[in-house]
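Fold and geometry: a report
Chain by chain, the residues run as shown.
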Amino acid sequence: MEKYIINPKYALRHGGNKSYIISRQDNAEITTINIIHPIYAMMLSFFKAITKESAFQQISELLHLSASQVESKIGLLIGNDSPIQAGASSFPPQVIVEYKEGMKIDQYKYSDFLYNDVDLTMSRFDAPIDIICNLTLQCATSCVYCYADRKGNQHKRMGIETLDKIIDEAKKIGVIRFKLMGGEVMLYDGWEHIVHKLIDYGYQPDISIKRPMTEEEIIKWKELKATTNPIQISLDTAIKEHLYQILQVSDPYFEKIIETINLLEKHHVKYIVHTVLNRYNDSIDDIASLVDFFKNRKYLKKWMFDAAKCSMYNSLKYRDYKTSLEKLKPIGEYLQSINKQKIFPFELKSPGIPLNHNKLSKQQKYNLFENRTMCTGNLDAIYILPDGKVTICEELYWHPKFIIGDLTKQSIMEVWNSKKARDMFFLNQSSIPDDSPCSNCPDYTECRKYKHICWRDTLLGYGSEKWYYPDLTCPRAPFITKDIYLE
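These notes cover the structure that comes with them. (Residues numbered from 1 in each chain as written. Predicted model: local features only at pLDDT ≥ 70, side-chain atom pairs only at ≥ 80, totals over all residues. Heavy atoms only, no water.)

1. Here we look at the overall build of the protein chain
What the protein chain contains, in helices and strands, is 15 helices and 17 strands. Taking 23 Å as the expected radius of gyration for a compact globule of 487 residues, we find that the protein chain reaches 24 Å, a close match to that expectation. When each of the 487 residues of the protein chain is scored for burial, the buried share is 53%. Relative to all contacts within the protein chain whose residues are 6 or more apart in sequence, the contacts with residues 24 or more apart total 69%. When the accessible area of the protein chain is evaluated, it comes to approximately 22,700 Å², of which 50% is carbon and sulfur surface. (Helix = DSSP H or I, 4+ residues; strand = E, 2+ residues; numbered from the N terminus. Rg over C-alpha atoms; globule rule 2.2 N^0.38 Å. Buried < 20%, exposed > 50% of the residue type's maximum accessible area, 1.4 Å probe, protein only. Contact = heavy atoms within 4.5 Å. Areas by Shrake-Rupley, 256 points an atom, 1.4 Å probe, with all protein chains shown as cover.)

2. A closer look at the pairing of strand β10 (residues 177-182)
Among the 6 residues that make up β10, 6 are buried, leaving the element largely enclosed by the rest of the structure. Alternating positions in β10 separate into two faces, R177, K179 and M181 on one and F178, L180 and G182 on the other, with burial throughout. The pairing of strand β9 (residues 130-136) with β10 spans 6 bridges and is parallel. Bridging from a neighbouring strand, N134 pairs with M181 of β10. Handedness of the β-α-β unit built from β9, helix α4 (residues 160-173) and β10 comes out right-handed. (Pairing = 2+ DSSP bridges. Right-handed = clockwise from strand over helix to strand, strands pointing away.)

3. What to know about the sheet that holds strand β14 (residues 300-307)
The strand order across the open sheet built from 4 strands is β11-β12-β13-β14, with neighbouring strands paired in parallel fashion. Taken across any chain shown, the strands that pair with only one partner, and hence form the sheet edges, are β11 (208-209) and β14. Where β11 and strand β12 (residues 231-234) come together, 2 bridges link them in parallel fashion. Looking at β12, one finds that S208 is bridged to Q232.

4. With respect to helix α8 (residues 253-266)
Under the 1.5 Å per step criterion, the end-to-end length of α8 is 20 Å for 14 residues, consistent within 8% with the ideal 20 Å. Buried within α8 we find Y253, F254, I257, I258, T260, I261, L263, L264 and E265. With its phi angle positive at about 60°, H268 sits one or two positions after the end of α8. (Expected span 1.5 Å × (residues − 1).)

5. Considerations on the packing of α4 against helix α5 (residues 191-200)
The interhelical angle for the contact between α4 and α5, taken along N-to-C directions, is 15°, at an axis separation of 11 Å. With respect to α5, the axis of α4 lies roughly parallel. For the pair α4 and α5, the sense of crossing is right-handed. Contact residues: I160, L163, D164, I167 and D168 in α4; H193, I194, K197 and L198 in α5. (Axes fitted to C-alpha atoms, helices over the stretch in contact; angles between N-to-C directions. Parallel < 35°, antiparallel > 145°, perpendicular 65-115°, else oblique. Left-handed = near helix turned anticlockwise from the far one by under 90°.)

6. Topic: the nonpolar core
Of all hydrophobic cores here, the largest spans 154 residues; its most connected members are L44, I74, F178, L180, F294 and W303. Top element by residues in this core is α8. It accounts for 7 residues. Once you skip the residues sitting within four places of it in the chain, F294 turns out to touch L235, I261, Y271, V273, L300, W303 and F344. (Core = buried A, V, L, I, M, F, W, Y, C linked by side-chain atoms within 4.5 Å.)

7. Some thoughts on the environment of K220
Secondary-structure assignment places K220 in helix α6 (residues 215-223). When the C-alpha atoms of K220 and G352 are compared, they prove to be 34 Å apart, with 132 residues separating the residues in sequence. Apart from the residues lying within four places of it in its own chain, the contact partners of K220 are W191 and E192.

8. Overview of α4
Its 14 residues give α4 an end-to-end C-alpha distance of 20 Å, which sits within 8% of 20 Å, the value for a rise of 1.5 Å per residue. Restricting attention to buried positions, one finds in α4 the residues L163, D164, I166, I167, E169, A170 and I173. For α4, the secondary structure elements touched by its buried residues are β2 (10-14), β9, β10, α5, β15 (381-384) and α12 (412-416). Immediately beyond the C-terminal end of α4, within one or two residues, lies G174, with a positive phi of roughly 90°.

9. Topic: the packing of aromatic side chains
Overall, the coordinates contain 21 aromatic pairs when judged by the stated rule. With centroids separated by 4.7 Å and ring planes inclined at 35°, the aromatic side chains of W303 and F305 adopt a geometry described as tilted. Measuring from ring centre to ring centre gives 6.4 Å for W455 and W467, while their planes differ by 40°; the resulting arrangement is tilted. One end of the pair, W455, is in helix α15 (residues 455-462); the other, W467, is in the segment after α15, and 12 residues separate them in sequence. Members of the aromatic cluster, each reached through a chain of ring pairs, are F293, F294, W303, F305, F344 and F346. Sitting over the face of the ring of W398, K156 holds its NZ or CZ atom 4.3 Å from the ring centroid. Note that R279 overlies the ring of Y280, its terminal NZ or CZ placed 5.6 Å from the centroid. (Phe/Tyr/Trp six-rings, centres within 6.5 Å; stacked < 30°, edge-to-face > 60°. Lys NZ or Arg CZ within 6 Å of the ring centre and 35° of its normal.)

Now the structure itself:
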């Protein structure tokens, strides 16, 4: 008889007056959050590799409902192919799935979801669910398009004891994803210990590398059982001279990075590739060199293309390394021709291109703004810098306005509940200087309720001192004079 569990792709989380279904995303995927009534979370908690009939009966006894009433409420979530809306509760696809041997079974209890009142609108979480920890800003390359704030910060680091405490608390408070970033994670002395601890706690520490890995490191990565999610490799061209111009490296880098990919194939380690298009690789010859190299690879699972964006911290001007729309168009067409040939078992998408907000009509900006992606920084996520300082976004780095705490002196929850963190999230309109359209905007309260704005883009467009300016997609946003767009 079939047995059922909550899809291991999802995690349940309770927030006092509401419950959530949150995706445990793979590398490069976006977290999805569905708000549900706590009663639904209670019912879902019974699906621990038991038959649906047994689950319905146990739920019936708890809630004093008939089994048929329970089935009418929860049965639609068994193998549902599409999202489901049930009143104010929303559910993603495939909430409850058939149990197969070896699948993870979460040990939720219905008492985890007790409540006194209910509010199913989005609000700031009572604790973070998503943590990105930057172990080090040390790199093996100096990419012309680098967006990291590396100057003077490459040797900042926390000790292993501090990181141990952070990871222990993250597990205790129910953090769902704990991701490692760099620089190069494997240049942190003690990375093996950190990865081992994260794996023990059920986290998959996705990493992105430009530094070649040795065979010993790949074997160690496998021994640590860190291979559930693919390693992301940045490779912009297989034309050696062009790659060296982009990364500012020398021999034997090219041979070593090629060897790394061959070794990942040899040891059956999954990986994905990210290619950043810039003035040094924006030709079909460069992309074709990569296609020739990667075709017939068994463990390449995804390949992403983006145009290099303007960096806030780069000593180079954007014009010195950016590509052009004219160059990107034939590359997009070439990628589509590769898709038609079915050379790869996945689709290659045309390069992501930064949007030119100055060329949008007011209505276009309004539509974009109304449908903007929710900023998760300080809503449900934090970013830990190499020295233990906590900010709300990976590209804001040490900007003082966005530093909300210090984990060498505070706990995660002390930072999360700090006045600085709460004041930043619930930013009072009266604190906005008069030169910003936000200072007297009648829609300010609704705008900042939970979606907020992309602070990174605002700083990029108007400068770090104008952090209080609008989102670039806002219809009231001033004209952007900085060179941040492709032409």
